[in-house]
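So you can see what is in the structure, the chains are spelled out below.
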Amino acid sequence: MKRKQVLYLLRTQPEHLPPCMAQIHMLCRRGCSVTAVTVYASDHIRACFQNDPVTFLTSGTKACEGGGILSKALALLRYRHLVRDAQRRIPHDMIWIGSADTARYCRDLLLTHAPTVLNIFELYDRHPALLREIRQTAQKAAFVIVPEYHRAHMLRVWLGLHRTPCIIPNKPYYPAADILPQTQKYVDAVRALGKKILLYQGWIGRDRDLTHIAEALASMEEHEDYALVLMGHVTAPDILPALQTVFPAVYHIPYLAPPQHLYVTALAHIGIAVYDDSSLNNLFCAPNKIYEYADRGVPILARDIPGLTDTVGRYEAGICTDTNDPTAIADAIRTLSANRAYYVSRLHALSDSCRAEEVIADILRAVGGDTGVAAR
């Protein structure tokens, strides 16, 4: 059977949105050929798909995503030109819009002869202008995909959709990769601590406040057994010193490009997932880190909010508790440590709960593009 041709539009680097990488891989498994129209694709990303029928078209270099207003405007113009040209030049049966940001800046370029699928990874309740800008594109799409159940229903109302969006959790796809020397340096440093590692990975900002976790660790009689390791970009220079004032055994590892960060993840005793109340997007969160923890055998300490109780809590992949209460946090840490084997045994249930490939197969069948059998 002839492979269906998918034009996958993504106005960023694929590694910035690991769930998009997973979708591209699953589309290939389901018998599609994918042309990914992106800003930039590194050698590493290309190597990730070397065994899949994926072609990358890029509008610039890695540096194009930085710079001032003028350079960003020029980069956007180049990307829009590439999208327009790709639609006219490359035969395709479907257009898959990789993100709301891509839809926002390319909505007037989309031709109408092929069905479209739109990813909306965030809720954007604090960005109503963006929702207004993508509303028409979402309404015209054959399918809209979101990563969380409650978001699906809210976005159906807010965007005036004729059907509830499909749900594909933000479980990333990372092919195996050898450890790099720089990563090995951090792995060795973490091992040398000789402590039980509480790991937070991802965006380190004020809406992911770890102060109460530091307070909980400092209050524990066995506090010398633990270290708090933060891995990722830090948004403000005072965050780490403030945490170290509360609990001295706080360490930072800078952002490691996926999948290199997973070598550190695998060393964790407990993985942390916390969000504040600043937005519905936070309360109904859909983090990919919980699946990274689960796939590396790391039980999860999570805040008791809907996006985490419906995942971590439902499958007993960890404990959801009040992460504004140091006493509750300390109790949860002790429980996770004392019963770690049980929580490790439950991690597969969380990981296996993702029906991503089934949902993609359903979408492809609905638009006439899948036999229902995964390609081997």
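Residues numbered from 1 in each chain as written. Predicted model: local features only at pLDDT ≥ 70, side-chain atom pairs only at ≥ 80, totals over all residues. Heavy atoms only, no water.

Undergrad: Where do I start with the pattern of salt bridges in this structure?
TA: Pairing between side chains becomes possible if they bear opposite charge and their charged atoms approach one another. Counted under the stated rule, the structure contains 16 salt bridges. A salt bridge links Glu357 to Arg29; its shortest N-O distance comes to 3.0 Å. Residue Glu357 is found in helix 16 (residues 356–366), and its partner Arg29 is found in helix 1 (residues 18–29); the two are separated by 328 residues along the sequence. Taking relative accessible area as the criterion, Arg29 reaches 25% and is therefore assigned partly exposed. Within the structure, one salt-bridge network assembled from shared partners comprises Arg355, Glu358, Asp362 and Arg365. (Salt bridge = Lys/Arg side-chain N within 4 Å of Asp/Glu carboxyl O. Helix = DSSP H or I, 4+ residues; strand = E, 2+ residues; numbered from the N terminus. Buried < 20%, exposed > 50% of the residue type's maximum accessible area, 1.4 Å probe, protein only.)

Undergrad: Can you walk me through the packing of aromatic side chains in this structure?
TA: Ring pairs (aromatic) are described by centroid distance and by the angle formed between their planes. In this structure the tally under the stated criterion is 4 aromatic pairs. Ring plane angle 10° and centroid distance 6.3 Å describe the contact between Tyr8 and Trp96, whose orientation is recorded as stacked. Residue Tyr8 is found in strand 1 (residues 4–10), and its partner Trp96 is found in strand 4 (residues 94–97); the two are separated by 88 residues along the sequence. The exposure classification of Tyr8 matches that of Trp96, with both residues buried. Ring plane angle 45° and centroid distance 6.2 Å describe the contact between Phe49 and Tyr173, whose orientation is recorded as tilted. Highlighted residues: Phe49 in the loop between helix 2 (43–48) and strand 3 (54–58) and Tyr173 in the loop between strand 7 (166–167) and helix 7 (181–193), separated in sequence by 124 residues. For the pair shown, Phe49 and Tyr173 are each scored as buried. Here the aromatic cluster, defined as three or more aromatic residues joined through ring pairs, consists of Phe49, Phe56 and Tyr173. (Phe/Tyr/Trp six-rings, centres within 6.5 Å; stacked < 30°, edge-to-face > 60°.)

Undergrad: Explain the layout of surface pockets to me, please; I cannot follow it from the model alone.
TA: A water-sized probe rolled over the atoms picks out the places where empty space is left. Reported here for the second largest pocket is a volume of approximately 440 Å³. For the lining of the second largest pocket, the elements supplying multiple residues, two or more each, are helix 6 (149–159), helix 12 (289–295), helix 13 (306–313) and helix 16. Taken together, the residues that form the lining of the second largest pocket break down as 12 nonpolar, 5 polar and 5 charged. (1 Å grid on protein atoms, 1.4 Å probe; cavity = no way out; pocket = protein on both sides within 12 Å on 5 of 7 lines; lining within 4 Å. Points joined across faces, edges and corners; volume = space filled by probe spheres on them. Nonpolar A, V, L, I, M, F, W, Y, C, P; charged D, E, K, R; others polar.)

Undergrad: So what exactly am I meant to see when it comes to the sheet that holds strand 11 (residues 270–273) here?
TA: The strand order across the open sheet formed by 6 strands is 10-9-8-11-12-13, and the pairing between neighbours is parallel. Each end of this open sheet is capped by a strand with a single partner; those strands are strand 10 (250–253) and strand 13 (318–321). Taken pair by pair, the neighbouring strands of this sheet meet at an average axis angle of 25°, ignoring direction. The sheet contact formed by strand 9 (residues 226–231) and strand 10 spans 4 bridges and is parallel. Across the sheet, residue Leu230 finds its bridge partner in strand 10, namely His252. Across the sheet, helix 7 lies against strand 8 (196–201), strand 9 and strand 10, angled at about 170° from strand 10, the strand it touches most. (Pairing = 2+ DSSP bridges. Axes fitted to C-alpha atoms, helices over the stretch in contact; angles between N-to-C directions. Contact = heavy atoms within 4.5 Å.)

Undergrad: I tried to follow empty space enclosed by the protein on my own but got confused; where do I start?
TA: A complete count under the given rule lists 2 cavities of 30 Å³ or more for this structure. Each pocket or cavity is described by its volume, and for the largest cavity that value is around 50 Å³. If you trace the largest cavity, you find it lined by Pro19, Ala22, Gln23, Met26, Phe121, Ile145, Ile168, Pro169, Asn170, Lys171 and Ala356. It is helix 1 that provides the largest number of residues to the lining of the largest cavity, a total of 4 residues. The residue inventory of the lining of the largest cavity, partitioned by class, reads 8 nonpolar, 2 polar and 1 charged. Of the pockets and cavities examined, the second largest cavity occupies roughly 40 Å³. What lines the second largest cavity is simply Ala138, Ala141, Ala142, Phe143, Val144, Leu161, His162 and Arg163.

Undergrad: What is the right way to look at helix 9 (residues 239–246) in this model?
TA: Along an α-helix, residues three or four positions apart point the same way, because every turn accommodates 3.6 residues. What helix 9 keeps buried is the set Ile239, Leu240 and Leu243. Projected down its long axis, helix 9 shows its buried positions confined to an angular sector of 90°, all on one face. The inward-facing, buried residues of helix 9 contact helix 8 (211–219), strand 9 and strand 10. (Arc of directions from axis to C-beta.)

Undergrad: Explanation requested: the pairing of strand 11 in the structure shown.
TA: For a regular strand, side-chain orientation follows a simple rule: the groups alternate between the two sheet faces. Both faces of strand 11 are covered, namely the face carrying Ile270 and Ile272 and the face carrying Gly271 and Ala273. Two strands pair when backbone bridges link them, and strand 8 and strand 11 are joined in this way by 2 bridges, in the parallel orientation. Across the sheet, Leu199 pairs through a bridge with Gly271, a residue of strand 11. Sheet analysis places strand 11 next to strand 12 (residues 300–303), joined by 3 bridges and oriented parallel. Bridging across to strand 12, Gly271 finds its partner in Ile300.

Undergrad: Where do I start with the nonpolar core in this structure?
TA: A general trend in soluble globular proteins is that nonpolar side chains are found buried together. Residues Leu198, Ile213, Leu217, Leu228, Ile300, Leu308 and Ile333 are the most contacted members of the largest nonpolar core, which totals 59 residues. The element best represented in this core is strand 9, accounting for 6 residues. The residues touching Leu308, leaving out its near neighbours within four places in the chain, are Ala273, Tyr275, Cys285, Pro287, Ile290, Ala302, Arg303, Gly313 and Cys320. (Core = buried A, V, L, I, M, F, W, Y, C linked by side-chain atoms within 4.5 Å.)

Undergrad: How do you make sense of the side chain of Thr116 when you look at a structure like this?
TA: If you trace the backbone, Thr116 turns up in strand 5 (residues 116–119). By relative accessible area, Thr116 is classed as buried at 10%. Beyond its immediate stretch of four places on either side in the chain, Thr116 contacts Ile95, Lys140, Ala141, Ala142 and Phe143.

Undergrad: Where do I start with the confidence of the model for the protein chain in this structure?
TA: Detail in the predicted coordinates should be disregarded across regions flagged by low pLDDT. Chain-level statistics for the protein chain give a pLDDT mean of 93 and a share of 96% at 70 or above. Taken as a whole, residues 371–376 scores under 50 in pLDDT and shows 13 contacts with residues more than four places along the chain or in a different chain. (pLDDT = per-residue confidence, 0-100.)

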